[in-house]
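Descriptive analysis of the structure
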Amino acid sequence: MEALEKIKAIAQDPYSYALNLKKTTDKPVVGNFCSYTPEELVFAAGGVPFRLFGTKDDISLADAHLQAYCCSLVRGGLEDALKGNLSFLDGTVFPHTCDSIQRLSDIWRLNTGFAFHIDVVLPVKLDTQSARIYMIDVLNSFKSDLESALKNRITEEKLRQAIKLYNRLRQTLGEIYEMRSKDPDSISATDLYHVIKASMITDRDEFLELLTLLRDELKKKIKDRTLNTHKRIILSGGICNHPDIYTALEESGAEVIWDDLCTGTRYFEGDIEESGDPIEAIADRYMTRVVCPAKHLTVTARGESLVRLVKDRNASGVIFMFLKFCDPHAFDYPYLKKFLDDAGIPNILLEVEEQLPSDAQLKTRFETFVDMID
Amino acid sequence: MADQPIVKDPEKEKRKIKSVSKMKEIMTTYYIEAKTAREAGKKVAWITSGGPVEFLIAMDVIPVYPENHGAMVGASKMGVDLCEKAEEMGYSRDLCSYARADIACSVTDGGPIGGLPQPDFLVCCNNICGTVLKWYEVAARHYNVPLFILDTPFIHTKLSESAKKYVITQTYEYIEFLEKQCGKKMDFDRMHEVSRLAVEGLRLWQEVLDTAAHKPAPMTAFDAFFHLALIVTLRGTQIAVDYYKQLRDEMKQRIKDGVAMVPNEKYRLLWDNLPVWYRTKWLSEKFSSHNACLVGDTYTSAWSGIMDLIDEDNFIETGAVAYSSVYINVSLDIMLETLKKLIKKYDVDGLVMHSNRSCKPYSFGQYDLQKMVMKELELPTLIIEADMVDARSFSESQIETRIDAFMETLKP
Ligand code: SF4
Ligand code: SF4
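First, a word on scope: everything that follows refers to the structure included in this document. (Residues numbered from 1 in each chain as written. Chains lettered and ligands numbered in written order. Predicted model: local features only at pLDDT ≥ 70, side-chain atom pairs only at ≥ 80, totals over all residues. Heavy atoms only, no water.)

**Regarding the sheet that holds strand β6 (residues 254–260) of chain A**
All names here are of chain A.
- Pairing is parallel in the open sheet, where four strands are placed in the order β6-β5-β7-β8. In the strand order of this sheet, the two ends are held by β6 and β8 (347–352), each with one partner. Direction aside, neighbouring strands of the sheet carry axes that sit 30° apart on average.
- Pairing of strand β5 (residues 231–237) with strand β7 (residues 317–323), which is carried by five bridges, proceeds in the parallel orientation. Considered in β7, the bridge of Ser236 is made with Phe320.
- The strands touched by helix α7 (residues 156–182) within the sheet are β5 and β6, with β6 carrying the most contacts at an inclination of about 150°. (Pairing = 2+ DSSP bridges. Helix = DSSP H or I, 4+ residues; strand = E, 2+ residues; numbered from the N terminus. Axes fitted to C-alpha atoms, helices over the stretch in contact; angles between N-to-C directions. Contact = heavy atoms within 4.5 Å.)

Structure follows, in structure tokens:
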């Protein structure tokens, strides 16, 4: 599985990959924190969208800018920027997400000194015509902001190519998710985690090649009937940057076979219409895909879709995984839990700070949880 | 033996603001009206503190403010108990304590007034935070009532033309929503009158706050926190206008009579962020003991801060833009400009920032603002870590030490 090895190498050390990319190409690397980053436009402008996941280092420099009651993604991202760990970034794009990211954008702009900084103040509600019109306006101005930042015109042709490429990327990611859902032995959850992570970092042309290779290899491997007898679990939350939980769960007799994560299905679900106006088509993907909790569709949209997901995926439990201090997810949790409880779906909550709970703790929790599932 | 009359300290009596009793009366009447609205055949809407209430007033809907309620919970020191209830319901302790306290009240009918009246519908304007969006979604599910969201894009550098168009269109959608909920058409003449009263109320409120620029200040930010309730709750009514006239006149009279709120005002300070509701008295006495007066704050001036953007003859469109431009919906650099103006206007000797665990959009960035203020204005600053309602996040000894130390640095 050569493709998988390459992908894993990238996901395990994204910064080295980016530094090397800067050495070998002249492509601008564009940092971002959110699955609402209109990546197709960045790609069409010749850039490589690069998702930031927080830091592995201890927080020291970010402490001078952000209180301790801020989520580790925001604090960690800033820490890496201030330390110079992100020297490969040409600039950063901040789609409007939550209150914390909103302020991070200001602090970032005032302190980090990257060549460009673009705020994409998307609408928060996605259920009205006027929001759609505003979304289209915002995407258009993002397009011109990018053009001047990257000194590269985004022609309609380039944008259409970008959309095509992204559709193929997303579909292929979806296919691999499907394979794992069908036969969890075809690719491990940890490996799939590396695939999805690399998909948000790697030069997308290069990545599509790797991904297609991987899919073809997996196709040969997958069995019609899975021999895997582990309990089927869905992971729900924001960002997951802790592959260890997959192994801990496996050891407890369960498998994450699908997810509802910003760094998971929310990244690749929903195609973009390839005919018609490309900017409108990009807007329409955001207007119709499953929302992130910082956006509004209807007051029960997320609960309904989570219950449906569990049934469709033939799963038997849900693990919620949130970063501590994350408001949007914490606000939705009680109601999502209620929806699951009412549908008789076992679920637990894992709140993560910088570090996961200890292995032993994690295993005990998972084992108790797996026992709850009949 | 006849009862001994209680001897009041005449010095203290002189400093008490007489209008307070009037204010209490108005608020009591307001809450009684809100709680009996249904019997009176009136609709009740919950609305966020930064939301355009004028339209509700014009439609004869009684507006109710969960945030004002949150402040009452805090001031009556019921916050911890209610927050803990919300936590039992699964709401994380790290969420805004207004939201936690209010959600718990919805379910238990607890709190100082036995819970808020049930809403017929909800109006959420996210110009103050993303929290209110989630909080109102919770309320919409709990009461199973319609929710209108007025989405005001955050201003990092400026409000774009498309954002303006978006908020104006939504204002018309808001009117349609109200017409549908109330089963009647908007009376635009009445709306015009309400807008006029709203702007007049804002102007008067600003005049009240401005009196504290006088040395010594006839009132403090702690008084402003208390008197703020009407500009939030009854903006657009004659009641608010009359009240703030009375209050302004009382303040002007105090200036004439030389009445200072802090007896030996020597140091003038500016406060940033929401109050620590359950500790206003303690904090106020603490600062007074150092002859320090909190003469102004960024919070109570947030409402009137936008009034220059409003043209009362075109309230629908200019109001939408003004509401999008409130203090907390703008970037740190724009906030800094406002801070500088306040520092200058009130001629303060220091800035006290409440790093409020509950309110992330107000608190994140304070460290940067602090640095900018110290660098550009060479103004001493103090940061206090606390929470507006949840007293568990307040460490008296730590805060006391910090205030004492800070005051020492101000002394010559
Ligand atoms: S984890 Fe939550 S709080 Fe942190 S950036 Fe994401 S949405 Fe915001
Ligand atoms: S205190 Fe802050 S987070 Fe809470 S409702 Fe008010 S503005 Fe929002």
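**Some details on empty space enclosed by the protein**
- As enumerated under the stated definition, the model contains ten cavities of 30 Å³ or more in all.
- Taken as a whole, the largest cavity spans an internal volume of roughly 350 Å³.
- In this structure, the largest cavity is lined by 27 residues; those nearest its centre are Leu73, Thr97, Cys98, Cys326 and His329 of chain A.
- Its volume calculated, the second largest cavity comes out at about 220 Å³.
- His96, Thr97 and Asp99 of chain A together with Cys129 and Gly130 of chain B are, among the 22 residues lining the second largest cavity, the residues nearest its centre. (1 Å grid on protein atoms, 1.4 Å probe; cavity = no way out; pocket = protein on both sides within 12 Å on 5 of 7 lines; lining within 4 Å. Points joined across faces, edges and corners; volume = space filled by probe spheres on them.)

**Quick look at the sheet that holds strand β8 (residues 381–386) of chain B**
All names here are of chain B.
- An order of β6-β5-β7-β8 is seen for the four strands of this open sheet, with the pairing classed as parallel. In the strand order of this sheet, the two ends are held by β6 (292–297) and β8, each with one partner. The average undirected angle you get between the axes of adjacent strands in this sheet is 30°.
- Pairing of strand β5 (residues 267–272) with strand β7 (residues 350–356) involves four bridges; the strand directions are parallel.

**Things to note about the environment of Phe53 of chain A**
Residue and element names in this part refer to chain A.
- Mapped onto the elements of the fold, Phe53 is located in the loop between β2 (48–51) and α4 (72–83).
- Along the backbone, Phe53 and Ile239 are 186 residues apart, and their C-alpha atoms lie at a distance of 7.8 Å.
- Apart from residues lying up to four places away in sequence, Phe53 is in contact with Leu73, Lys197, Met200, Ile201, Ile239, Asn241 and Thr263.

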